[in-house]
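Given next are the chains, with one letter for each unit.
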Amino acid sequence: MKNLPIRDLEPGMIIAKAIYTSRGQLVMEENTVLTAELISRLSFYSIYNATIKDAGDSSDEAALSESGADTPEEAPAQEANAATSNLASNTFYSHKVKSQPEFMQYQIEYNKEIRSVKEIFDAVIQNPEAPVDFRQILSDFNKLIASCRTTVALFDKLHNMRQDDDSVYAHCLNVALISRMMGKWLKLDDNERDILTLCGLFHDIGKTSIPDEILNKPDKYTDEEFALIKQHPLFSYKLLKHQPIDERIKNAALQHHERWDGSGYPQNIEGNAIEDYAAIVAIADVYDATTAARSYRPPLCPFQAISMFEKDGLQKYHPKYILTFLNRIATTYQHNRILLNNGQSANIVMINSKHLTRPMIQMDDGTVIDMLDNPDLEITKII
């Protein structure tokens, strides 16, 4: 057995010891065969390492057999083929998005906006009591969204702006854009959408107070480092406290890591004690982090992110907002082509409103399959 940081985990490895959260919740059982999605789940729960079986461990063959492989040699080959297929399909779809004429202009405006975010953050940090004029940045936000003809176009562009080392500023920009889209889905008026956008924009300003070597550390945090990381909502609130802005912007910064079931931080509040806009930003924050590339995994596709929310997170978020968000994301990709975990491709025919990650799909040979009747099938990529 060996203990590895998440960044060193690979699909096909086998968990040697059951993994639990700090609150005692079982995340992964012993003998679980890792997939890219399962590795992401560890990050979702802020777990930074895992004990893995060595190739010579006597129980490996049984675990591989349970995972569906006939022999110990077959499983790595299957994982390698799946990984190659996923990478190829992801590269193809990314190329298709980036080859669109409007993508280059969007990329220019997006990077310009990141620089604007940094300038605004710097101004607030240097003088927390000096009023900031938000009119220009809100105007630029509207232009970014208006340049995308459809919701899927916006999310496709966001996904293809990602880097393994996305800055705090890029993350805040993404969360602001996603939050603004959620405001549209919730039928908020223009003024309320502006406030929600600023909630997303400033939610992580406090992370600029944390040294980069800690913030971007790929290995497990020490207890002291993790305690510092968990202070960033307080740092954000303190920087915004004296700004003459809507109180919901300040509270979104303070509460975006609070959870509906009380499992969040820094105040461990729950339910309706969490302000509505903070609850919306919390969802946008996790979705952006989940669908971003990391050193230890490629970005998850929207359906994998939805699956993670469904399996692990529904009880953690405001019921109305999480259900609205997941339904809209899933519906956004209706009629798209997808890649399945068995290497086959298909078209999404109809979203199942009660099981969003298990739609009706049409295979390339014309056969229509209800994924509810095929529990082994999973959507791994949009192609």
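The paragraphs below set out a description of the structure included in this document. Residue positions are given per chain, counting from 1 as you read along its sequence in written order. The model is predicted, so local features are restricted to residues of pLDDT at least 70 and side-chain atom pairs to those at 80 or more, both for listing and for counting; the totals for chains, interfaces and linings are taken over all residues. As a convention, hydrogens and water are excluded, and side-chain values are obtained from all of the structure's heavy atoms.

To continue, consider the overall build of the protein chain. Helix and strand counts for the protein chain stand at 15 helices and 9 strands. Between two residues, a contact is recorded if the distance between any of their heavy atoms is within 4.5 Å. Taking the contacts inside the protein chain whose residues are at least 6 apart along the sequence as the reference set, 64% of them involve residues at least 24 apart. The Shrake-Rupley method, run with a 1.4 Å probe sphere, supplies the accessible areas, and residue values consider only the shown protein chains as cover. Summed over all atoms, the accessible surface of the protein chain reaches about 18000 Å², with 49% contributed by carbon and sulfur. Each helix corresponds to a stretch of at least 4 residues labelled H or I by DSSP, and each strand to a stretch of at least 2 residues labelled E; elements are numbered beginning at the N terminus.

Moving on, we get to the pattern of salt bridges. Take a side-chain nitrogen of Lys or Arg and a carboxyl oxygen of Asp or Glu: if they are within 4 Å of each other, that pair is a salt bridge. The tally for this structure, following the rule as stated, stands at 11 salt bridges. The residue aspartate 122 makes a salt bridge to lysine 118 at a minimum N-O spacing of 2.9 Å. Here the residue aspartate 122 and the residue lysine 118 both occupy positions in helix α4 (residues 101–126), the gap between them amounting to 4 residues, near one helical turn. Counted as one network, the salt bridges with shared partners bring together Glu192, Asp246 and Arg248.

Take the sheet that holds strand β6 (residues 345–350) next. Think of it this way: DSSP has to see at least two bridges between two strands before they count as a pair. Taken together, the 5 strands give an open sheet; going across it, the order is β8-β7-β6-β5-β9, and neighbouring strands pair in antiparallel fashion. The open sheet is flanked by β8 (368–370) and β9 (379–382), the only strands paired with a single partner. Sheet twist, expressed as the average angle between the axes of neighbouring strands with direction ignored, equals 40 degrees. When strand β5 (residues 337–340) meets β6, the two strands line up antiparallel, connected through 3 bridges. Within the sheet, the bridge partner assigned to arginine 337 lies in β6 and is asparagine 347. To get an axis, fit a line to the C-alpha atoms, keeping to the stretch in contact for a helix; angles then go from 0 to 180 degrees between the N-to-C directions.

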